Amino acid sequence: MTVDILPLELNFTRPFTVEVSRTLTIRNTSSSPLAFKVKTTAPKQYCVRPNAGRIEPGNAFDVTVLLQAMKQDPPLDARCRDKFLVQCAPITSDKDFASIASVLESADKATLVERKIRVNWLAANGEAQGPSAPAASTPSKPSTVNGATETPDAPRTFSSPGGNANSTPLPAPPPYTSDDAAEDTDDKSERPKSAVSHAATTVSETAQMTYEELKNKLAQAEAQLLNLKDSGLRQRNVKSAASDEKTRSGNTAQAVKQQPDGVSVQIVALLCLLSFLLAYFFF
């Protein structure tokens, strides 16, 4: 199986604060359909559309590689070590309706074609940035790569970047916007920013409350307390009056009950004494 992949290197020109796109052309020069997949060592920094597809014999397909906008340009001496890996495998008759991933995974190593494509960062005038070759250094000495510090000999793995994994190639890459391209890279940074902004807004709204507003609120609270106290005293006085009235009515009823019916005991005793005296003297 033969396949042509151009260009051999992807060159991105500054400034990188805006989206920069390049086209990767894959041409199927064999006599059987071809399944391809594009991977990169920096899947969050690039967007490939489509990143997988099918190419018929004798046809070519253009893949759009988009470098997502950065918040600021990396240093001029920063050396880009990003790479792309294009995997191609023939689609046999028994795999005609299989997915692209299954075709590539089950392909024989003898028929699987892999091409590595290097990424270069160029200055605004189109000249290459940084040293032409990596400077000799010990494994423990860090170097600046892609605007970050890492060990020169650190292993780098390929993974699929964002894109549409269609089973068949589209006539042209789908349209994209800056919001869609920068979604992955700015997602984590926007979350703490939104939380900080919310906290700052809350503090500023609280600080805008003037002394007069605080004083008015305090006066309203004191008035409410006085109203509650007055209502409590009124209820207490009403309850006390009702209790006193009830006590008075109870005492009156008890006094009425204690009054004896008929002649009192003293009068009866006096009459008895008089009767005894009369009977003693006259009889």
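These numbers come from a predicted model, not from an experiment.

Colleague: Residues and numbers for the overall build of the protein chain, please.
Modeller: A count of helices and strands for the protein chain gives five helices and eleven strands. Taken across its 283 residues, the protein chain has 25% of its residues classed as buried. In the protein chain, the proportion of contacts linking residues at least 24 apart, taken out of those at least 6 apart, comes to 76%. Just so you have it, the protein chain exposes about 19100 Å², and 57% of that area is on carbon and sulfur atoms.

Colleague: Describe the packing of aromatic side chains, listing the residues and the values that go with them.
Modeller: As enumerated under the stated definition, the model contains five aromatic pairs in all. Look at Phe 276 and Tyr 280: their rings are 6.4 Å apart centre to centre, the planes differ by 25 degrees, and that puts the pair in the stacked class. Separated by four residues within a single helix, Phe 276 and Tyr 280 lie in helix α5 (residues 265-282), roughly one turn from each other. A relative accessible area of 55% means that Phe 276 is categorised as exposed. Tyr 280 sits in the exposed class, given a relative accessible area of 60%.

Colleague: Tell me about the pairing of strand β4 (residues 34-40), and please be specific about residues and values.
Modeller: Extensive coverage of β4 is indicated by the burial of six of its seven residues. In this structure, β4 lies alongside strand β6 (residues 52-55), joined through four bridges in antiparallel fashion. Across the sheet, Leu 34 pairs through a bridge with Ile 55, a residue of β6. Alignment of β4 against strand β8 (residues 83-90), held across seven bridges, turns out to be antiparallel. Along β8, the bridge assignment pairs Phe 36 with Cys 88.

Colleague: Any details on the sheet that holds strand β1 (residues 3-6)? Residues and values, ideally.
Modeller: Adjacent strands of a sheet pair through backbone hydrogen bonds, lying either parallel or antiparallel. If you walk across this open sheet you meet the four strands as β1-β3-β7-β5, and the pairing is antiparallel. In this open sheet, the two edge strands, each paired with only one partner strand, are β1 and β5 (46-49). Between one strand and the next, the sheet's axes are offset by a mean angle of 20 degrees, whatever the strand orientation. Pairing of β1 with strand β3 (residues 20-28) involves four bridges; the strand directions are antiparallel. Counterpart to Ile 5 in the pairing with β3 is Ile 26.

Colleague: Report on a nonpolar patch on the surface, specifying residues and quantitative values.
Modeller: A grouping of Ile 267, Leu 270, Leu 271, Leu 273, Leu 274, Phe 276, Leu 277, Leu 278, Tyr 280, Phe 281 and Phe 282 is seen on the molecular surface, where their side chains present a nonpolar patch of about 1200 Å² in accessible area. Within the secondary structure, Leu 277 is located in helix α5. Looking at Leu 277, the relative accessible area reads 35%, which means it is partly exposed.

Colleague: How would you explain the pairing of strand β2 (residues 9-13) if you had to name every residue and give the values?
Modeller: What you see with β2 is a clean split: Leu 10 and Phe 12 sit on the buried side and Glu 9, Asn 11 and Thr 13 on the side with no burial. Sheet topology places β2 next to strand β9 (residues 113-122); five bridges connect them, and they run parallel. Its bridge partner being in β9, Glu 9 is matched across the sheet by Arg 118.

Colleague: Give me the lowdown on the nonpolar core, citing residues and values where you can.
Modeller: Judged by nonpolar contacts, the single largest core of 29 residues is most densely connected at Phe 12, Ile 26, Tyr 46, Phe 84 and Trp 121. Of all hydrophobic cores here, the second largest spans eight residues; its members include Ala 52, Ile 100, Val 103 and Leu 104.

Colleague: Which residues make up the sheet that holds β8, and what values do they have?
Modeller: In spatial order, the strands read β2-β9-β8-β4-β6; together these five strands make up an open sheet with mixed pairing. Across the chains shown, the open sheet's two edge strands, defined by having one partner strand only, are β2 and β6. On average, adjacent strands in this sheet sit at an angle of 25 degrees to one another, irrespective of strand direction.

Colleague: I'd like a description of the pattern of salt bridges, backed by residues and values.
Modeller: Summed over all chains, the structure comprises two salt bridges. A salt bridge links Arg 54 to Glu 56; the nearest nitrogen and oxygen atoms lie 3.0 Å apart. Its relative accessible area of 15% is what places Arg 54 among the buried residues. Overall, the relative accessible area of 35% leaves Glu 56 in the partly exposed class. When the shortest N-O distance is used, the salt bridge between Arg 54 and Asp 96 registers 2.8 Å. Remark: Asp 96 occurs in the loop between β8 and α1 (100-106) and Arg 54 occurs in strand β6; sequence separation between them is 42 residues. Residue Asp 96 is classed as partly exposed on the basis of its relative accessible area of 32%. Members of the salt-bridge network, linked through shared partners, are Arg 54, Glu 56 and Asp 96.

Colleague: I'd like a description of the confidence of the model for the protein chain, backed by residues and values.
Modeller: Averaged over the protein chain, the pLDDT score is 75; the fraction of residues at 70 or greater is 64%. Below a pLDDT of 50 lies the segment residues 132-143, which in the model reaches twelve contacts outside its immediate sequence neighbourhood of four places, other chains included. Contacts for the low-pLDDT stretch residues 164-192, under 50 throughout, to residues beyond four places or in other chains number 42 contacts.

Cut-offs applied
Residues numbered from 1 in each chain as written. Predicted model: local features only at pLDDT ≥ 70, side-chain atom pairs only at ≥ 80, totals over all residues. Heavy atoms only, no water. Helix = DSSP H or I, 4+ residues; strand = E, 2+ residues; numbered from the N terminus. Buried < 20%, exposed > 50% of the residue type's maximum accessible area, 1.4 Å probe, protein only. Contact = heavy atoms within 4.5 Å. Areas by Shrake-Rupley, 256 points an atom, 1.4 Å probe, with all protein chains shown as cover. Phe/Tyr/Trp six-rings, centres within 6.5 Å; stacked < 30°, edge-to-face > 60°. Pairing = 2+ DSSP bridges. Axes fitted to C-alpha atoms, helices over the stretch in contact; angles between N-to-C directions. Patch = residues over 30% accessible without salt bridge, like charges linked within 9 Å, V, L, I, M, F, W, Y side chains within 5 Å. Salt bridge = Lys/Arg side-chain N within 4 Å of Asp/Glu carboxyl O. Core = buried A, V, L, I, M, F, W, Y, C linked by side-chain atoms within 4.5 Å. pLDDT = per-residue confidence, 0-100.

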